[in-house]
Amino acid sequence: MSSGRSADNGGMTLTIWVDDWQIQCCGQSFAPGDVVSWTLLEVDPEDYADVVGSERADEIDFREEHHGQGEGHAPTSLEVVSIAEVHCRFGVPPGATDKVNRPVPGTTVLVPVKEADGWAKARPDVSFAGYLVTARRATGGPEGAAARSQ
């Protein structure tokens, strides 16, 4: 009889947006296989549609936050599975009155990388915006022990 649960401890993956500036400011670099402890905040996929395209935006489950907006959210232990740099063009949208550069839809370039350190090799016509990180919840770490002890 099957319980319907996966044999790999619920190895469901999550897709997490990590802003370039979050790591540049005070984040630590990470690579596939690393276990990280991040504060995850839920996102509205629409907020990322212009940066990564609406199809990829729908896949984003959370964003990583370590600048105070995550108060009340306990850090989550995650094992990094894969990392993609996200590059896109920025410009002032037609008809905009605020003259603020925004992501230009349809200009996204995804680059799989072996490490994320907040800095990316320059690419023609696009700017580095952040990372799409695929991760799974880490098991057997301190988070699990703390949960058991309560």
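Here the structure is a predicted model, which means the values were calculated and not measured.

Trainee: What is the right way to look at the packing of aromatic side chains in this model?
Mentor: Here the distance between the centres and the angle between the planes together describe a pair of aromatic rings. Per the stated rule, a full pass over the model turns up four aromatic pairs. Aromatic pair Phe 30 and Trp 38: ring centres 5.0 Å apart, planes at 80 degrees, arrangement edge-to-face. Classification of Phe 30 as buried rests on a relative accessible area of 1%. Residue class for Trp 38 comes out buried when judged on its relative accessible area of 8%. With centroids separated by 5.1 Å and ring planes inclined at 70 degrees, the aromatic side chains of Phe 128 and Tyr 131 adopt a geometry described as edge-to-face. For Phe 128, a relative accessible area of 15% puts it in the buried group. Counting every residue linked through ring pairs, the aromatic cluster contains Phe 30, Trp 38, Phe 128 and Tyr 131.

Trainee: Please explain the pattern of salt bridges as it appears in this structure.
Mentor: Two side chains of opposite charge can pair, provided their charged atoms sit close to one another. Across all of its chains, the model carries four salt bridges by this definition. With a shortest N-O distance of 2.9 Å, Glu 59 and Arg 56 are connected by a salt bridge. Across the pair Glu 79 and Arg 136 runs a salt bridge, and its minimum N-O distance is 3.8 Å. Highlighted residues: Glu 79 in strand 5 (residues 76-88) and Arg 136 in strand 9 (residues 127-137), separated in sequence by 57 residues.

Trainee: Just to check I follow, could you spell out unusual backbone geometry for this structure?
Mentor: Peptide bonds are trans in most cases, and residues, glycine excluded, mostly fall at negative phi. You will see that Lys 99, though not glycine, has its phi angle at about 55 degrees, which is positive. By the secondary structure assignment, Lys 99 is in the loop between strand 6 (90-91) and strand 7 (102-103). The exposure class assigned to Lys 99 is exposed, which follows from its relative accessible area of 61%. We note that Asp 125 has phi near 70 degrees; this positive angle belongs to a residue other than glycine.

Basis of the calculations
- Residues numbered from 1 in each chain as written.
- Predicted model: local features only at pLDDT ≥ 70, side-chain atom pairs only at ≥ 80, totals over all residues.
- Heavy atoms only, no water.
- Phe/Tyr/Trp six-rings, centres within 6.5 Å; stacked < 30°, edge-to-face > 60°.
- Buried < 20%, exposed > 50% of the residue type's maximum accessible area, 1.4 Å probe, protein only.
- Salt bridge = Lys/Arg side-chain N within 4 Å of Asp/Glu carboxyl O.
- Helix = DSSP H or I, 4+ residues; strand = E, 2+ residues; numbered from the N terminus.

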